[in-house]
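# Secondary and tertiary structure notes
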Amino acid sequence: MATAHKGSAIDKEALRRKYAEERDKRLRADGAAQYKRLESEFSDLATDPYTPRTEREPVTDHVTFAFIGGGFAGLVVGARLKEAGITDYRIIEKGGDFGGTWYWNRYPGAQCDTASMIYMPLLEETGHMPSEKYAHAPEIRDHCSRIGRQYDLYDNALFHTQVTDLEWDEGRSVWIIRTDRGDAFTAKYVGMGTGPLHVAKLPGLEGIETFEGKSFHTSRWDYAYTGGTPEGDPMTGLADKRVAIIGTGATAVQVVPNVSRDAKELYVFQRTPSSVDERNNRPLERDWFDAVTGPGWQKKWQENFVANLGVGFPPEDLVDDGWTDLGKRIRAQVIDMPPEERTPANIMAAFEDADNQKMSEIRARAEEIVGGEAGEKLKAWYRQLCKRPCFHDEYLQAFTRENTHLVDTDGQGVERITAKGVVANGKEYETDCIVYASGFEVGTDFVERSGYDVTGRGGQKLSDYWSGGMRSFHGLHVHGFPNMFFVQQNQAAAFIANYPHNLVDHADTVACVVSHAEEQGHAAVEPSKEAETKWVEFLLTGPGARIGNTECTPGYYNNEGQGYGEQERFALGHPAGAQGFFTHIDQWRKSGKFEGLEFR
Ligand code: NDP
């Protein structure tokens, strides 16, 4: 039994009951169907406000490697392939430039949530020193362009272009790629990095189309209306406006302080509070940066972060932030246990104690900073990893401003939208502008979210192949889909605390496999059926998917409280966690044997 851990002063049972009550209040029969797609339902809200679309002739040529998605995945794979001597690499991107999520999300205050030193890819290769511990979006977007320029990725790129169809031509051993611009070109290899959170959603509220003021989703911020810039210049257009923000997730936490600063009145409509811990952002100094960097530094930092979130006892914590803090607390409790008591059950109990302690501190923070009724309502009643943990030093503070009003809805959410504003708790709040900080589609299947299907060897559709759930080898290769690389986190490291680490690592594998195929003159590479099956069976021996816990408050992590079905249990990572995967794949690459892959 885990008995005498630190944190046991908290009444665990009472807290579990409170968490369950708060969750139950928020469960709804319609689950994820409560949301509407921005694209399909409100096309005028979905257009690209940042870059004008230019007409061009359809492309009908051939490239060695085509990559779908111009975010971090497409950029890092491109960089590694260029380093490996693959010169004709083409990125196809639906936005008007590189950046992916950082192209679209230009809302004021957008900032990375994971330390720039490990979050921003290829810092060592580009020589860029992040300006802050947590860089803001314009710097990250610039960095994407920097990578694009340094590796000549702009030359061949197709922007404002969406893939509509991807088909393997067995006779020629090429992929045929068709797009909404009439393109029909071929590529020997394809990569896909369309991201997990790129399809914006709106709450399916009655009357949403009747609102007569201005409204937009946070990923389509309209600076022409608000004034200001993504760099943080005052949004003078809001000085005489009453603004509503719907949603209080990770995006809203960053948006609220800025709108609070500039708007005449701000109403923040809250259904579930986020846990908001301290951020402690600070500028990075050149002397410090030079002292801590050297050949191989970024990989070392990334690996150190992973180790600090794992179960080992790393000697140092280079990143030292809110993510590693939780890991350290758990380890501190485990160290207190005599070795014979370190059973999985006791470690889980230590995890719960550490979590309870952390969440109590986060709730106390809301009380101290905001106080009063709003301070109470801003307290999050769930375990920290039930929702995306947030970190900010100005969010809670914003609610102490006279113009900023928290409209808590006790878990019920906004009721409807009228021509004049927002109705919540039976009251209409008249507003000039509604900002939907309502998130992105998660949990729909890959084909539905990416907008195209893939036809592999023998006419096999990816949608059919995965109809019972994802099946892959290392999360990257799929049997029956030769020369295709799926650059994402599932069935691999599944490392949520530093998403780009998953991509950078896969990029190394892609370059390693493609270089080998090219050097040996192979036409195609794909995993054997046996290797794929073995890999998936191995993954299933682990603790299972880390998301989808129905004990948690509803949200996209657990399919709005309904949990994920049979198919989604395959959206999981290595049984030994991210560190387990990264260690495994590093050895796999170094072995040079390409075990599990078949070249022909
Ligand atoms: P989320 O899905 O996390 O948040 C959506 C918000 O909308 C929730 O607060 C939700 O409430 C609320 N909502 C939905 N319907 C209603 C309604 N009818 N009434 C009131 N509120 C409603 O989306 P975000 O865009 O905030 O974040 C998505 C993800 O993007 C994050 O989890 C994170 O992974 C990533 N992100 C990363 C950042 C970074 O790294 N810097 C910054 C921002 C986002 P409820 O919680 O009750 O469902």
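Now for a look at the structure at hand. Worth saying up front: this structure is predicted, and the values here are computed from it rather than measured. (Residues numbered from 1 in each chain as written. Predicted model: local features only at pLDDT ≥ 70, side-chain atom pairs only at ≥ 80, totals over all residues. Heavy atoms only, no water.)

### Focus on the overall build of the protein
The helix and strand tally for the protein stands at 21 helices and 21 strands. For a compact globule of 600 residues, the expected C-alpha radius of gyration is about 25 Å, and the protein comes in at 24 Å, within 12% of that figure. Summarising its shape, the C-alpha atoms of the protein cover approximately 70 × 65 × 55 Å along the three principal directions. Taking the intrachain contacts of the protein between residues at least 6 apart in sequence as the baseline, contacts between residues at least 24 apart amount to 70%. Charged side chains of the protein number 67 positive and 91 negative; the gap between the two group centres comes to 1 Å. (Helix = DSSP H or I, 4+ residues; strand = E, 2+ residues; numbered from the N terminus. Rg over C-alpha atoms; globule rule 2.2 N^0.38 Å. Contact = heavy atoms within 4.5 Å. Lys, Arg positive; Asp, Glu negative; His and termini not counted. Charge placed at Lys NZ, Arg CZ, Asp CG, Glu CD.)

### As for the sheet that holds strand 15 (residues 421-424)
Sheet strands associate in pairs through backbone hydrogen bonding, adopting either a parallel or an antiparallel arrangement. Pairing in this open sheet of three strands is antiparallel, and the strands run 14-15-16 from one edge to the other. Edge positions in the sheet fall to strand 14 (416-417) and strand 16 (427-430), since each has one partner strand and no second. The pairing of strand 15 with strand 16 spans four bridges and is classified as antiparallel. When the bridges of strand 16 are listed, Gly421 appears paired with Glu430. (Pairing = 2+ DSSP bridges.)

### A look at the side chain of Asp505
Along the polypeptide, Asp505 turns up in helix 19 (residues 499-520). The exposure class assigned to Asp505 is buried, which follows from its relative accessible area of 4%. Within polar-contact distance, the side chain of Asp505 engages the side chain of Arg589 at 3.2 Å. Excluding its chain neighbours within four sequence positions, the residues that come into contact with Asp505 are Phe581, Phe582, Ile585 and Arg589. (Buried < 20%, exposed > 50% of the residue type's maximum accessible area, 1.4 Å probe, protein only. Polar contact = N/O pair within 3.5 Å; in protein donor to acceptor, adjacent residues only side chain to side chain.)

### Description of the site of the ligand
Neighbouring residues of the ligand: 26 residues in total, closest Gln111, Thr251, Thr272, Lys387 and Tyr556. Thr248 places a main-chain nitrogen or oxygen 2.9 Å from an oxygen atom of the ligand. One of the backbone nitrogen or oxygen atoms of Ala437 is found 3.4 Å away from an oxygen atom of the ligand. In isolation the ligand has 910 Å² of accessible area, and contact with the protein removes 91% of it. The leading source of residues in the shell around the ligand is helix 10 (residues 250-262), at three residues. Taken together, the residues of the shell around the ligand break down into 12 nonpolar, 10 polar and four charged. (Near = heavy atom within 4 Å. Areas by Shrake-Rupley, 256 points an atom, 1.4 Å probe, with all protein chains shown as cover. Nonpolar A, V, L, I, M, F, W, Y, C, P; charged D, E, K, R; others polar.)

### Section: the pattern of salt bridges
Summed over the entire model, instances satisfying the criterion amount to 45 salt bridges. Lys18 is the salt-bridge partner of Glu22, the closest N and O atoms lying 2.9 Å from each other. Pair noted here: Glu22 and Lys18 are both in helix 1 (residues 12-26), with a separation of four residues, about one helical turn. What you see here is one network of salt bridges that share partners, running through Lys18, Glu22, Lys25, Arg26 and Asp410. (Salt bridge = Lys/Arg side-chain N within 4 Å of Asp/Glu carboxyl O.)

### Observations regarding the nonpolar core
One broad rule of soluble globular proteins: the nonpolar side chains tend to lie buried together. Formed by 104 residues in total, the largest nonpolar core has its most connected members in Phe65, Trp221, Ile245 and Val259. Counting residues in each nonpolar core, the second largest holds 29 residues, with Val59, Ile92, Val163 and Tyr465 among its members. (Core = buried A, V, L, I, M, F, W, Y, C linked by side-chain atoms within 4.5 Å.)

### Digging into helix 13 (residues 322-336)
Across its 15 residues, helix 13 extends 22 Å between first and last C-alpha, which sits within 8% of the 21 Å expected from 1.5 Å per residue. Within helix 13, burial applies to Gly322, Trp323, Thr324, Leu326, Gly327, Arg329, Ile330, Arg331, Gln333 and Val334. Its buried side turned inward, helix 13 meets helix 12 (297-309), helix 14 (344-369) and strand 12 (390-391). The N-terminus of helix 13 is capped by Asp321, whose side-chain oxygen sits 3.0 Å from the backbone nitrogen of Trp323. (Expected span 1.5 Å × (residues − 1).)

### Description of the pairing of strand 10 (residues 265-270)
The two faces of a sheet get side chains in turn, since along a regular strand they alternate between them. In terms of burial, strand 10 is largely enclosed, as five of its six residues are buried. In the sheet, strand 9 (residues 242-246) pairs with strand 10 via five bridges, with the strands oriented parallel. By the bridge assignment, Ile246 is partnered in strand 10 with Phe269. Here five bridges tie strand 10 to strand 13 (residues 404-408), and the two strands are oriented parallel to one another. Bridging across to strand 13, Phe269 finds its partner in Val407.

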